[in-house]
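# Working through the structure, step by step
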Amino acid sequence: MHERGEGGPPEVTGGVGEPTLVTFGCRLNAYESEVMRTHARQAGLDDVVIVNTCAVTAEAERQARQTIRRLRRERPGSKIIVTGCAAQVSPEKFAAMGEVDHVLGNDAKLTAAPWAEFGTGQAERVVVNDIMSVKETAGHLIQGMEGRARAFVQVQNGCDHRCTFCIIPYGRGNSRSVPMGEIVAQVRALVESGYNEVVLTGVDVTSYGPDLPGKPSLGQMVRRLLALVPDLARLRLSSLDAVEMDDDLWRLVAEEPRLMPHLHLSLQAGDDMILKRMKRRHLRGDAIAFAEKARALRPDMVFGADIIAGFPTETEAMFQNSLDIVEQCGLTWLHVFPYSPRPGTPAAKMPQVPGPIRKERAARLRAAGEAQVTRYLASQVGHSANVLIERPGLGRNEGFAEVAVPDHYEPGTIVRCTITGVAGTQLTARVLD
């Protein structure tokens, strides 16, 4: 559920006779791809490939360019439109590629006008605005996420912080929030169309609200959302900052069963000096205190976390602090990334850790995460669970573990189960009719 992690291979959706979306990176990109799909369909763009890029690392940008070249070989007659964070940050690089028909910035991609122009053949080749001038985030109403059991709803975009490793603010702009009424309207529409689970997503979700009238907090928005959409069965929050949890959100953790007991921390490191050099807002003790408080309020709480291995200047002792915090906080679902220098960021100019050491440290972190997963899965055997079916034969419990179930249940439904065992990285279950 992480927001800024390098997501590996892209997700490809759509088929013959309709727009094809190739989505890299975060959950917010996945959401925005659905918005673009709607605009492209309405503009009559059937034979088009939309590449929604990620800029979180230089490697993510390289993967996008490689994919674009492959797509041109596979789809010689299709129009290729490149958008997303990498296109926003480095439009000239994509404009220089002969395989690319159009380059579209991150704010323009979510409006109907440029898509309509693409359909007429009159559009400019490069449409990329100054993202820092964008002041609002519209509530882009979608009817659901194609092929998904859960829906992602954008509540916030952009970031006001300047972590030294991160280029994302220059791709997304400053933090801006979707008004509460628009969020409620969208979630209500999704529930009415059959969705049982919604994930609230954004670039920096815990910064929600200061730019809106009355300056509501994230917790106040979530409390109102749950009150106004009583038929929503399950709500998840995406990546959170440990020092930005407000009192209302803590009360919901303690008292609201529809808020799933699964929180993902934007942790990045477990060593105070590295956290300071990253310009993060929290220290090691803040993360530990967060985990302890959340578990005290909700004993079944499960944590995920993003951690960067081999950040510049990281010594073995500093890395050991990051490794130790996995156990101390009981972090289960880890997203681990070997540090990758991003040109244009302060961290890229710091003394670098050799690549092989970065990879080795990442492997040790992943091994620690796998041990935590094994421990968590074993702890679930014999307990009951409400499992959201994602696809035939597979669902997820409240803590986001995969659960194998009989394959005749409809994706999107929730079934009550008893967990009977563990098979690899999945739980096995008996459905209680």
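Quick notes on the rules
- Residues numbered from 1 in each chain as written.
- Predicted model: local features only at pLDDT ≥ 70, side-chain atom pairs only at ≥ 80, totals over all residues.
- Heavy atoms only, no water.
- Helix = DSSP H or I, 4+ residues; strand = E, 2+ residues; numbered from the N terminus.
- Rg over C-alpha atoms; globule rule 2.2 N^0.38 Å.
- Contact = heavy atoms within 4.5 Å.
- Lys, Arg positive; Asp, Glu negative; His and termini not counted.
- Charge placed at Lys NZ, Arg CZ, Asp CG, Glu CD.
- Phe/Tyr/Trp six-rings, centres within 6.5 Å; stacked < 30°, edge-to-face > 60°.
- Buried < 20%, exposed > 50% of the residue type's maximum accessible area, 1.4 Å probe, protein only.
- Core = buried A, V, L, I, M, F, W, Y, C linked by side-chain atoms within 4.5 Å.
- Pairing = 2+ DSSP bridges.
- Axes fitted to C-alpha atoms, helices over the stretch in contact; angles between N-to-C directions.
- Expected span 1.5 Å × (residues − 1).
- Arc of directions from axis to C-beta.
- pLDDT = per-residue confidence, 0-100.
- Right-handed = clockwise from strand over helix to strand, strands pointing away.

Here we take up the overall build of the chain. Within the chain one finds 13 helices and 19 strands. Its C-alpha atoms give the chain a radius of gyration of 21 Å, within 12% of the compact-globule value 22 Å for 433 residues. Projected onto its principal axes, the C-alpha positions of the chain cover 60 × 55 × 45 Å. Taking contacts inside the chain between residues at least 6 apart in sequence as the whole, the part at least 24 apart equals 72%. Computed over 50 positive and 52 negative side-chain charges, the inter-centroid distance for the chain is 3 Å.

Moving on, we get to the packing of aromatic side chains. Scanning the model with the defined rule gives five aromatic pairs in all. On the numbers, 5.3 Å between centres and 50 degrees between planes, the contact of Trp250 with Phe290 is tilted. Of this pair, Trp250 sits in helix 9 (residues 247–255) while Phe290 sits in helix 11 (residues 284–297), and the two are 40 residues apart along the sequence. For Phe290, a relative accessible area of 3% translates into the label buried. Between the aromatic rings of Phe290 and Phe303, the centroid separation amounts to 6.1 Å while the plane-to-plane angle is 55 degrees, which identifies the pairing as tilted. Of the two residues, Phe290 is situated in helix 11 and Phe303 in strand 13 (residues 302–309); the sequence distance between them amounts to 13 residues. Members of the aromatic cluster, connected to one another through ring pairs, are Phe165, Phe311 and Tyr339.

What follows is about the nonpolar core. Ranked by internal contacts, the top residues of the largest apolar core, which has 56 residues, are Ile183, Val187, Leu200, Met221, Val222, Leu235 and Leu331. It is helix 7 (residues 180–192) that contributes the most residues to this core, six residues altogether. Among all residues touching Val222, those that are not within four sequence positions of it are Leu200, Leu235, Leu237 and Leu252. Listed in part, the 39 residues of the second largest apolar core include Cys26, Phe94, Phe165 and Leu275.

A positive phi is found at Thr313, a non-glycine position, where the angle reads about 75 degrees. Relative to the assigned elements, Thr313 resides in the loop between strand 13 and helix 12 (316–329). One non-glycine residue, Phe400, adopts positive backbone phi at about 80 degrees. Looking at the element boundaries, Phe400 is found in the loop between strand 16 (394–396) and strand 17 (402–404). Looking at Phe400, the relative accessible area reads 10%, which means it is buried.

Time to look at the sheet that holds strand 10 (residues 197–201). Read from one edge to the other, the open sheet built from three strands follows the order 7-10-11, with strand pairing classed as parallel. A strand with exactly one partner marks an edge of an open sheet, and here the two such strands are strand 7 (151–154) and strand 11 (234–237). Strand-to-strand twist across the sheet, computed as the mean angle between neighbouring axes with direction ignored, equals 25 degrees. As paired elements, strand 7 and strand 10 share four bridges and run parallel to each other. When the sheet's bridge partners are listed, Ala151 is paired in strand 10 with Val198. In the packing of helix 1 (residues 27–42) onto the sheet, contacts are made with strand 7 and strand 10, and the angle to strand 7 comes to roughly 95 degrees. Of the strands in this sheet, strand 7 and strand 10 are in contact with helix 7, which crosses strand 7 at around 170 degrees.

Here we come to helix 13 (residues 355–380). For helix 13, with 26 residues, the first-to-last C-alpha span of 38 Å sits near the 38 Å given by 1.5 Å per residue. Count one or two residues on from helix 13 and you reach Gly382, which has phi positive near 95 degrees.

Here we take up helix 11. End to end, helix 11 covers 20 Å across 14 residues, agreeing with the expected 20 Å (1.5 Å per residue, within 8%). Residues of helix 11 that are buried include every one of Arg284, Ala287, Ile288, Phe290, Ala291 and Ala294, and no others. Along the axis of helix 11, the buried residues cluster in a sector spanning 155 degrees; they form a single face. Residues of helix 11 that are exposed and point over 90 degrees away from its buried face: Glu292 and Ala296.

What follows deals with the sheet that holds strand 15 (residues 384–391). Strand order in this closed barrel of five strands is 15-16-17-19-18, and the pairing throughout is mixed. Between one strand axis and the next, the sheet turns by 55 degrees as a mean value, whatever way the strands run. Where strand 17 lies against strand 19 (residues 426–431), two bridges are found, and the strand directions are parallel. Each bridged residue has a counterpart across the sheet, and for Val403 the counterpart in strand 19 is Leu427.

Per-chain confidence: the chain averages 88 in pLDDT, with 91% of residues scoring 70 or above. Of the regions scoring below 50 in pLDDT, residues 1–6 engages in 39 contacts with residues more than four places distant in sequence or in other chains.

Our next topic: the pairing of strand 11. Here strand 11 shows no split at all, with Arg234 and Arg236 on one side and Leu235 and Leu237 on the other all buried. As paired strands, strand 10 and strand 11 are joined by four bridges and run parallel to one another. If you follow Val198 over to strand 11, its bridge partner there is Leu235. Regarding the hand of the β-α-β motif, the stretch spanning strand 10, helix 8 (residues 218–228) and strand 11 is right-handed.

On to the environment of Gln220, then. By the element assignment, Gln220 lies in helix 8. The exposure class of Gln220 is partly exposed, given its relative accessible area of 32%. Sequence-wise, Gln220 and Asp246 are 26 residues apart; in three dimensions their C-alpha atoms are separated by 8.7 Å. Not counting chain neighbours up to four residues away, the residues in contact with Gln220 comprise Met180, Lys215, Asp246 and Asp248.

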